[in-house]
Structure formats: C-alpha cells, structure tokens
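Listed here are the chains, written in short residue letters.
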Amino acid sequence: MASVTIRDVRKSYGAVEVMHGVSVDIDEGEFVVLVGPSGCGKSTLLRMLAGLEHITAGQILIGDKVVNDLPPKERDIAMVFQNYALYPHLTVAENMGFSLKLKGVSRHEIEQKVTPAAEILGLAHLLDRYPRQLSGGQRQRVAMGRAIVRDPQVFLFDEPLSNLDAKLRVTMRTEIKNLHHRLQTTTVYVTHDQIEAMTMADKIVVMHDGRVEQIGAPLELYDRPANLFVAGFIGSPAMNMIAGRIEGGAFVSEGGQRLPLPPGAHAGSGKLIYGARPEAITLGGDIPLTILVTEPTGAETHVVGQLGGTQVTCVFRERLTAGPGEIVNVAIDAAAVHLFDAESGVRLSN
Amino acid sequence: MPDQPASRPSLWRRIAESRNGLGFLFMLPAAVFLLCFLTYPLGLGVWLGFTDTRIGRPGEFIGLENYQWLNDDPVFWLSVFNTLFYTTIASVLKFGLGLWLALLLNRHLPAKNFFRAIILLPWVVPTVLSALAFWWIFDSQFSIISWLLMKWGLISQPINFLGDPWTARWSVIAANVWRGIPFVAISLLAGLQTIPQSLNEAAAIDGATPWQRFTKVTLPLLTPIIAVVMTFSVLFTFTDFQLIYVLTRGGPVNATHLMATLSFQRAIPGGQLGEGAAIAVAMIPFLLAAILFSFFGLQRRKWQQGAD
Ligand SMILES: Nc1ncnc2c1ncn2[C@@H]1O[C@H](COP(=O)(O)OP(=O)(O)OP(=O)(O)O)[C@@H](O)[C@H]1O
Ligand SMILES: [Mg+2]
C-alpha cells in the first residue's frame with residue numbers, strides 16, 4: 001500500500017498537449033475513481049501512472065518516491081486492462097502466477113499464492129483452462145486475480161467492466177468493492193460511467209479535456225458540484241439547467257417563470273444558470289409543468305416536461321395519472337438548488 | 001426384408017440423393033483436375049525412375065537398377081549432403097535474420113513503410129536477375145567484396161568465391177539467404193502485428209525484462225506462424241534450382257550440386273531421363289519428412305482458438 005501523488009502532470013503527443021496540468025493526491029488505501037467523457041485523458045493519466053507512457057512534465061510519486069523515470073516493473077503496481085490482456089498461451093493459473101514466475105519464485109510458493117486468490121475470485125475450478133475457454137466475466141476475474149497475486153502497492157483499473165453486460169457489471173462492481181475492503185490496497189479506477197464512479201469511489205476525480213474539474217467524495221460532488229460540467233456529468237438523470245437572472249429576490253427564467261432561490265443567494269447581476277436535480281422537483285406547489293413524456297419505472301415516475309420555457313426531467317415518487325399535454329403544478333426544493341455563473345460555469349457560493 | 005425391385009430407384013437417383021454420392025459428384029471436377037495436372041506428372045516421374053529412358057529413346061522397366069546405381073554414385077551422395085547442408089544453414093540463417101528484421105520493423109521507426117517496402121525488394125526481383133547480380137558480386141576478378149577487402153588491406157588477392165568448394169557453398173547460401181529473407185521477415189512481421197500491444201504492456205507491468213517479454217510472450221504467440229513460414233521456407237530451399245544453376249551449375253567439382261540441379265543435369269543435358277527422375281524421386285522422402293514435421297508443428301496449440 002502506498003499513497004500516490006500526481007503533481008501538475010502534463011502530456012503532449014508531438015505538439016499537441018492533451019493533459020494540461022493535472023494534480024491529484026491519493027491517500028494510502030484509498031479507492032479513487034477517474035471519471036470523465038471519452039477522450040478526456042483518463043487512460044493517458046493511468047498509463048503514465050503505470051509507466052507505459054512518458055510524462056511530459058510534472059511529477060508522479062508512489063509512496064514518497066518520484067517514479068517519473070522508473071520502468072513499469074520497478075513501480076510495483078498492477079494493472080487491469082480494458083481488454084484484460086490475458087496471455088492466451090498460458091492457463092488461468094499460469095496467467096495469475098506469471099509475475100511471480102518472472103521473479104523466480106518457486107513453483108510451490110506460486111501455487112500457495114495463486115490458490116487463495118483464485119478462491120477469493122471463484123476461479124478455483126478454472127485454473128487449468130486457457131483464456132479462450134472462459135466467459136467475459138471469468139476473464140475479467142482472471143485479470144483481477146493476476147493483479148491480486150502480485151500484492152502490489154497500487155491497483156490500476158482501466159474501464160474493467162465496460163465489456164460486460166449490465167447485470168454482470170453490477171455484480172463485478174460489488175466484487176471489486178469487496179475486494180478493496182478486504183485488501184485495502186490503494187486503487188485508481190478509470191471509468192466513463194458516473195454511476196460506477198458514484199457507487200465505488202472513496203474519492204472521485206472528474207476530468208474534462210485534460211483538466212481536473214473537481215475532486216471530492218461522491219456525495220460531495222453530487223451536492224456541491226463546483227461547476228456546470230460536474231453538475232451535468234454527475235447524477236442520472238442529469239441535473240436540469242435553467243437559464244435566467246435574479247430579479248426582485250427570485251430567479252426569473254428566460255421564459256419568465258419565477259423560481260425560488262436557495263437561502264443565502266445574493267442578487268447577482270449577470271446571467272445565471274439555475275440547477276435543480278430531477279428529484280428536487282416535487283408534485284404540489286405553484287410552478288406549472290407541461291408534461292411531454294412520462295416514463296413510469298414502477299418505484300418512480302420519470303417525467304419530461306416544459307418548465308419556464310426549458311425542458312426539464314423530474315423524478316416523482318408518486319405515480320402520475322396526468323398524461324402528455326397536461327399541466328401539473330410542481331414545487332422546487334430551494335435548499336437543493338445550485339446557482340452557476342452562465343459565462344464561466346463556476347458555482348456561486350451558497 | 002421384402003425385396004421390391006419395382007420401386008427401387010435407379011442407380012443415378014440413389015447417387016444423386018445420397019449425401020456421400022452427391023459429395024463425390026461435386027468433388028469430381030477438382031479430382032479430375034488434380035489427377036491430370038498434379039498426379040499424372042508425378043506418376044510419370046516416378047515411373048521414369050524405374051526405367052532406362054533416354055532422350056529420344058523410350059525406356060524399359062529396369063526395376064531398382066537406377067537406385068542401385070545412385071547408391072554407388074559418390075556424386076549423388078555429395079549432392080544429398082550439399083542439399084541438407086544448404087537447406088539447414090540457409091533456413092536457420094533466414095529464420096534468425098528474418099525474425100530480427102521483423103522485430104525491427106515492428107517498432108515505431110521513422111519512415112516505417114518505406115523500410116517495409118525496401119525489404120520486399122530481393123523477393124520481387126526475378127531470381128535469375130538476382131542470381132546474375134550475385135554472380136558478378138562473386139566474380140573471381142571483379143568481385144566488389146574482394147575489391148573492398150583488398151582496399152582495406154584485409155586480404156592481398158581476390159577471393160575465388162565460386163572456385164573453391166567451401167567458399168562456393170557459403171556463397172550460394174549467402175545468395176539464397178538474401179533472397180529468402182523478405183518472405184520470412186514480412187510473414188513474421190504480419191504475425192507480430194496480430195499480437196496485441198497490451199500483452200507486452202501487461203508483461204512489462206508484471207515485471208518482465210524486454211528479453212523475457214520476447215521469450216515468454218512474443219515468441220510463444222508467434223510459434224504457429226513460425227511453423228507455417230519455416231515449412232514453406234524449408235521446402236523452397238530444399239528444392240532450389242535457379243540460383244545454383246545460374247551461379248555455379250553445381251560446380252566447382254560438384255561441390256554445390258543440389259539434388260534438384262543434379263537431377264536436371266543428368267536428365268536433360270545428360271540425356272539420362274530415367275536416372276534424373278530417380279534422383280528427383282529420391283528427394284521425396286526428405287520432403288515428406290519435412291511435411292510430416294510441419295504437420296505436427298502446425299497442429300493447433302491447445303491455447304489457440306478452435307483447437308477442440
Ligand atoms: N498515441 C496518441 N497520439 C496522439 N494523441 C493521443 C494518443 N493517445 C491518446 N491521445 C489523445 O489523448 C486524449 C486522451 O486520450 P485517452 O485515451 O486518455 O482518453 P480517455 O479519457 O481514456 O477516453 P476513453 O474513455 O474513450 O477511453 C485524446 O484526445 C486522444 O486523442
Ligand atoms: Mg480510455
């Protein structure tokens with residue numbers, strides 16, 4: 001176990017800079033998730049951590065050692081690749097014991113390490129199979145087994161669940177989380193799925209276009225997104241954003257609808273974005289919502305409608321009898337409202 | 001079982017309706033083609049080996065006399081030795097150098113495609129042309145190699161490349177290797193490119209040195225391709241004819257005669273068709289051995305897709 005420090009790391013491919021100074025502090029034993037849209041540089045950052053990619057500028061420390069110029073084998077990290085990268089010519093047991101074999105560990109000792117790891121992952125009966133004889137989920141587990149057997153300082157995962165079906169993904173999510181509880185190894189986990197990030201992380205790093213947008217605990221990001229990007233990225237369905245300005249103690253949308261302001265919001269002059277999460281909008285109240293689509297999911301009803309000239313999504317606990325075209329009155333929980341500057345996208349303190 | 005001759009379908013119907021019969025019918029054209037163009041010449045060759053046919057004179061069946069004669073013929077045995085020596089050394093060199101080149105070309109070089117195209121050159125040049133070029137390079141008076149070595153003061157007189165048995169053997173091997181490398185290198189390069197980069201990265205993270213990555217990941221994954229490529233390479237080399245014929249015609253004093261060139265020389269210029277055919281037929285056991293070897297080499301490894 002070790003802490004990881006990323007200090008103002010930059011990465012250029014030729015003349016193109018794709019990473020513009022990223023800094024992240026990861027504590028010992030922490031489970032950190034890097035999340036962001038495709039192409040934002042998550043894999044690149046992970047590969048720089050692993051030593052597979054040269055670091056153009058800045059520093060990466062594992063423990064208190066600068067690893068910038070260390071080859072992967074000297075960093076004592078283990079990585080699970082998106083395509084698993086299992087050695088096709090080796091059996092499951094050989095795949096898992098490969099790193100130990102390279103170190104010259106005796107056969108007996110390798111077996112002593114592989115067997116318990118295989119048992120943890122439910123692979124004990126598959127040890128003699130070749131990767132091609134395994135299902136996707138089993139391959140994924142072998143890839144994790146290979147990492148566990150190493151007992152490394154840091155685990156790196158690059159979208160390990162993206163090739164699995166939805167159900168298996170949920171199962172594996174729990175398994176990875178359990179594993180982390182058990183081993184307490186510092187983990188950096190890359191995903192573009194914000195639900196995965198929310199459910200697994202001790203700390204989330206939201207990235208966008210080679211920059212860090214915000215770092216924080218999952219609920220912290222949910223409750224106090226630092227800017228419009230994070231507000232829109234975290235949470236599903238996404239936060240509703242209504243453009244407008246503050247006039248006379250209330251927020252007035254561009255469509256002329258007055259909306260309640262969060263406590264402590266001071267009257268700004270410029271254009272603002274009013275952010276309300278779908279569940280902050282409840283039935284009953286005096287704000288008219290024209291229903292466009294209703295999607296009953298059983299426990300909740302998702303409603304897409306027009307509110308103050310903007311399309312919004314609401315999640316109601318109640319079952320709704322009203323259909324498309326009808327108008328229902330809703331209220332907005334003012335305490336859960338976020339205000340952002342429309343120009344810079346930055347959150348206005350409240 | 002009641003016999004019902006009246007309702008028995010015609011032979012034709014029964015063939016047309018049975019699975020095997022129909023299969024046989026469909027294979028017939030290919031079978032005829034194979035019989036005419038592959039088996040007939042082969043059969044004729046084998047038959048000639050049992051006769052004393054000469055050019056312009058139909059021969060008679062003489063049993064194994066040709067083979068007995070060959071068995072006592074030191075030139076024949078020399079050609080067997082030459083062929084084995086030539087094939088072994090040239091194949092090993094082609095494999096080693098070809099693999100090395102393939103590994104180089106598989107890295108991120110500037111102007112990679114240019115180099116890949118250049119590599120193919122020796123292969124696309126007609127054999128006769130490259131043989132002529134080597135003939136000039138190996139010339140006893142005007143050899144560029146001798147000239148250079150002399151200029152550097154390493155030797156005092158030109159090397160007689162094709163005039164001395166052993167230098168001649170090594171010279172023709174050099175020419176064959178030069179010509180055969182592109183095939184090996186490009187084929188192995190294609191094989192290398194099917195190995196995902198992430199496997200090498202995984203191995204690097206698992207703590208493998210570059211050499212271990214090569215021996216424990218790259219090479220095992222390349223073995224199926226190596227088996228195919230080297231089988232072909234060995235067969236081509238074993239049956240080589242053009243290079244030798246242009247460069248040395250089997251000389252000096254038969255030192256570079258391969259079985260193929262000896263067979264041709266006895267049969268056509270020498271006129272002893274029967275004896276030439278017998279020499280050619282004597283190549284068959286060696287070739288079969290090579291094919292058998294590759295058959296086992298080519299078998300799907302347990303880890304390969306579709307092995308069961
Ligand atoms: N070898 C390369 N050469 C040039 N540009 C590259 C290279 N590799 C990545 N990039 C660029 O770097 C940026 C970040 O890529 P990266 O693979 O880290 O994205 P990502 O966040 O992992 O996306 P995804 O979720 O799709 O995997 C992208 O804009 C990409 O085009
Ligand atoms: Mg990626």
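Residues numbered from 1 in each chain as written. Chains lettered and ligands numbered in written order. Predicted model: local features only at pLDDT ≥ 70, side-chain atom pairs only at ≥ 80, totals over all residues. Heavy atoms only, no water.

### Details of the interface of chain A and chain B
- Counting from both sides, the interface comprises 23 residues of chain A and, opposite them, 23 residues of chain B.
- Its largest share of buried area at the contact with chain B, chain A owes to His-89, Leu-102 and Arg-132 of chain A, together 33% of the area lost on that side.
- Summed over the shared surface of chain A and chain B, the result is 2 salt bridges.
- Among the salt bridges present, the one from Asp-206 of chain B reaches Arg-150 of chain A, with a minimum N-O distance of 3.4 Å.
- Where chain A touches chain B, the interface holds 7 residue pairs in polar contact (both at pLDDT 80 or more).
- Within the residue set of the side of chain A that touches chain B, elements represented by two or more residues are helix H1 (42-50), strand E6 (77-80), helix H2 (92-102) and helix H4 (136-150) of chain A.
- Here the side of chain A that touches chain B is built from residues that sort into 14 nonpolar, 4 polar and 5 charged. (Contact = heavy atoms within 4.5 Å. Buried area = accessible area lost by both parts, 1.4 Å probe. Salt bridge = Lys/Arg side-chain N within 4 Å of Asp/Glu carboxyl O. Polar contact = N/O pair within 3.5 Å; in protein donor to acceptor, adjacent residues only side chain to side chain. Helix = DSSP H or I, 4+ residues; strand = E, 2+ residues; numbered from the N terminus. Nonpolar A, V, L, I, M, F, W, Y, C, P; charged D, E, K, R; others polar.)

### Points about the site of ligand 1
All names here are of chain A.
- Neighbouring ligand 1 are Tyr-13, Val-18, Ser-38, Gly-39, Cys-40, Gly-41, Lys-42, Ser-43, Thr-44 and Glu-159.
- Within the side chain of Ser-38, one N or O atom sits 2.4 Å away from an oxygen atom of ligand 1.
- Between ligand 1 and the protein, one listed contact pairs an oxygen atom with a side-chain N or O atom of Lys-42 at 2.7 Å.
- Its free accessible area being 630 Å², ligand 1 has 57% of it covered by the protein chains. (Near = heavy atom within 4 Å. Areas by Shrake-Rupley, 256 points an atom, 1.4 Å probe, with all protein chains shown as cover.)

### Regarding the pattern of salt bridges
- For the structure on display, the rule yields 12 salt bridges over all chains.
- Taking the shortest distance from any N to any O, the salt bridge between Asp-52 of chain B and Arg-57 of chain B comes out at 3.3 Å.
- The salt bridge involving Glu-275 of chain B is made with Arg-266 of chain B; its shortest N-O contact spans 2.7 Å. Across the pair, Arg-266 of chain B and Glu-275 of chain B agree in class, each one buried.
- Each of Asp-8, Arg-10 and Glu-17 of chain A takes part in a single network of salt bridges with overlapping partners. (Buried < 20%, exposed > 50% of the residue type's maximum accessible area, 1.4 Å probe, protein only.)

### Considering the domain arrangement of chain A
Residue and element names in this part refer to chain A.
- What the domain assignment lists for chain A is domain 1 (4-227) and domain 2 (240-341).
- Contacts between domain 1 and domain 2 engage 7 residues on the former and 4 residues on the latter.
- Carbon and sulfur atoms make up 53% of the surface buried where domain 1 meets domain 2, a total of about 390 Å² over both sides.
- By the criterion of area lost to domain 2, the three top residues of domain 1 are Tyr-222, Pro-225 and Asn-227, representing 86% of everything that side buries.
- For the pair domain 1 and domain 2, the interface holds 0 salt bridges.
- Here domain 1 is connected to domain 2 by 2 residue pairs in polar contact (both at pLDDT 80 or more).
- Its residues assigned to classes, the side of domain 1 that touches domain 2 shows 4 nonpolar, 1 polar and 2 charged. (Domains from an automatic or database assignment.)

### So, the environment of Tyr-67 of chain B
Residue and element names in this part refer to chain B.
- If you trace the backbone, Tyr-67 turns up in helix H3 (residues 65-71).
- Between the C-alpha atoms of Tyr-67 and Val-281, which are 214 residues apart in sequence, the distance is 9.8 Å.
- Those residues in contact with Tyr-67, other than ones at most four positions away along the chain, are Gly-49, Phe-50, Ala-278 and Val-281.

### Re the pairing of strand E15 (residues 281-296) of chain A
All names here are of chain A.
- The sheet contact formed by E15 and strand E18 (residues 327-332) spans 7 bridges and is antiparallel. Bridging across to E18, Thr-282 finds its partner in Ala-331.
- Strand direction decides the pairing type here: E15 and strand E16 (residues 301-307), joined by 6 bridges, are antiparallel. When the sheet's bridge partners are listed, Ile-291 is paired in E16 with Gly-305.
- Taken together, E15 and the strand that follows it, E16, pair antiparallel across an intervening segment of 4 residues, in which Gly-298 is found at a positive phi of about 105°. (Pairing = 2+ DSSP bridges.)

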